[in-house]
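# Report on the structure
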Amino acid sequence: MKNKIIDLLAAQIEGMSKEDISATIEIPPKPEMGDFAFPCFRLAKTMHKAPNMIAADIKEAIGDVDYLDRIEVKGAYLNFFVKTEVFVKSMIEAANSENFGGSDIGEGKNICLDYSSPNVAKNFHVGHLRTTIIGNSLYKIFSKLGYNAIRINHLGDWGTQFGKLIVAYKAWGSKEAVEKDGISELMKLYVKFHEEADKNPELVDEARAWFAKMEHGDEEALSIWQWFKDISLVEYKRTYDLLGVDFDYYLGESFYRDKCQEVVDKITEAGLLKESEGAMIVDLSEYDMAPCIITKKDGSSIYATRDLAAIFYRKKTYNFCKCLYVTGQEQKLHFAQVFKVVELLGNEWAKDQLVHIPYGLVSLEGAKLSTRNGNIIYAEDILHDAIEKSLEIITEKSPNLENKEEVAKMVGVGSVLFNDLYNQRIKDVSFSWDKVLNFDGETGPYVQYTHARCSSVVRLAENFDPSNEVDFSVITEPDAIFLLKEINRFPKVVLDAADKYEPSIVARFSVDVAQAFNKFYNSTRINVPEENVKNARVMLTYLTKKTLSDALELLGIQAPEAM
Ligand code: ARG
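Reference entry: report on the structure contained in this document. (Residues numbered from 1 in each chain as written. Predicted model: local features only at pLDDT ≥ 70, side-chain atom pairs only at ≥ 80, totals over all residues. Heavy atoms only, no water.)

Around the ligand, a shell composed of Asp 114, Ser 117, Asn 119, His 128, His 154, Tyr 303, Asp 307, Tyr 325, Thr 327, Gln 331 and Phe 335 is seen. Within the side chain of Asn 119, one N or O atom sits 2.7 Å away from a nitrogen atom of the ligand. Taking Gln 331, its side chain carries an N or O atom lying 2.9 Å from an oxygen atom of the ligand. Here the ligand has 350 Å² of accessible area as a free molecule, and 90% of this is covered by the chains. Of all the secondary-structure elements, those providing two or more residues to the shell around the ligand are helix 13 (303-318) and strand 10 (322-328). (Near = heavy atom within 4 Å. Polar contact = N/O pair within 3.5 Å; in protein donor to acceptor, adjacent residues only side chain to side chain. Areas by Shrake-Rupley, 256 points an atom, 1.4 Å probe, with all protein chains shown as cover. Helix = DSSP H or I, 4+ residues; strand = E, 2+ residues; numbered from the N terminus.)

Looking now at the environment of His 154. Among the secondary structure elements, His 154 is positioned in the loop between strand 5 (148-153) and helix 7 (161-172). Spatially, the C-alpha atom of His 154 lies 7.6 Å from that of Ser 116, the residues being 38 residues apart in sequence. His 154 has contacts with Asp 114, Ser 117, Leu 251, Gly 252, Glu 253, Tyr 256, Arg 306, Asp 307, Ala 310 and Arg 314, leaving out every residue within four places of it along the chain. Here Arg 314 takes part through its side chain, which lies 3.3 Å from a polar atom of the side chain of His 154. (Contact = heavy atoms within 4.5 Å.)

As a further point, take the sheet that holds strand 1 (residues 36-39). In a beta sheet, neighbouring strands pair by backbone hydrogen bonds and run either parallel or antiparallel. Pairing is antiparallel in the open sheet, where three strands are placed in the order 1-3-2. This sheet does not close on itself; its edge strands, each paired only once, are strand 1 and strand 2 (68-74). The mean inter-strand angle of the sheet, taken between neighbouring strand axes irrespective of direction, is 20°. For strand 2 and strand 3 (residues 77-82), the ladder comprises six bridges, and the chain directions are antiparallel. Opposite Leu 68, over in strand 3, you have Val 82 as the bridge partner. (Pairing = 2+ DSSP bridges. Axes fitted to C-alpha atoms, helices over the stretch in contact; angles between N-to-C directions.)

Right, dumping it as structure tokens:
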């Protein structure tokens, strides 16, 4: 319908492209202002006329249109009122179409997504939970738009910390303890190393020597390192399984260790490599940034070097149209430096293809969470707590539900994901169980509950089939039409979310649709004797269910049929 309005306007307005017109059209906040509105302010300059006069002229020129009830001029605005039945028909057909919300704008394009990427031998904490959840949602959003999205886990699995761990393990660790307690034990050893190194600085030299052995391919060093990595991955994968998250590639920092020299050579050839206090750097003072360190005094690579190598590897291997990095905002400078170095090496594409997607902190104030020894919080424990608490609530609310455990998992995990995704990613997230698990608030459980409610309506309507003819003329209630309009925002919502790298746009949309449905549900009886009316209202319910479950899917959240 919007496209038809655009065509009407385009035929009358010179010097404005259809894209421009499309971007200018507004969806009025109130039904008495029409279904679509077009402000004429912008035309005043080129047409040398007052905007309200322009609006009146355009209305005159358009004349009568079969699918429009009327056009009204209100100040500088043209307000279009579509005939209800025509509008309802077009909205229902759109929402019922295949891949509603999606598109093919990404067809044939590769987009790399670098997210999650925990640091081996360290716990998978709430910060990693956020990058995982946001990255996973962006993956789904871009896939929905037809992109070939490539999920990369850039594990932190290389660096001097592994030298320290090997020293600590050899001095104070045991195979049994590491096998039994995994990452917890490795973290204890790491803490112990630092305590002891304060008293005995020689340990630091030993650690450096072990890391040097790793860099030179020493078999013993590498096999201990590989073992620590395997143990860590088992734990990370447990968390990924709970979240329903997967990756196309686990290519950690260690993967690039033999690709760093090439980076150093490139930078040298470009005449950009400088010495500074023994280290080799690229000076970025011209761009108001601290220098990007390429190699340390002892010649070893660092985090930035490996990121540079990863960019060239990914460009060559995947020919990406974009490479996105989801990390906390404290890495802003790091990425700005790395991207600048790529650009300075003559790669103009770095400017718009390499994108850092930062997010805010999670504060756990007020949330009682399980902690293991040392008060360390593991994402896995938060998810288990959420599942357990959901099970309590569900058992109380719906004692007869058959698959309680399964639903509790969807709701518990979903509630944590939703809480992370509901606000703009740059904002800090606060976490409290009352808020996260509130079934009536702007939460995951609320949207899931609304979905389950829709499912039950559709289930109980025996003769309903979404491919049946619908009598569009019987949908006239403002609440029903508002619901349809909300649902029909979906395609634009997905595009916006991709454009801004902002899953919160989808999360908020899901709450809006759920609220619109509940308003409709409370004001309108669905199970009425007139078959055609009932059928049309069930259709609306079915489309709500479908849209809610598709929106939740884009957030990585499952939609239960009953709860
Ligand atoms: N391992 C890093 C961390 O935990 C995140 C890595 C992000 N990706 C990258 N290519 N640098 O902070």
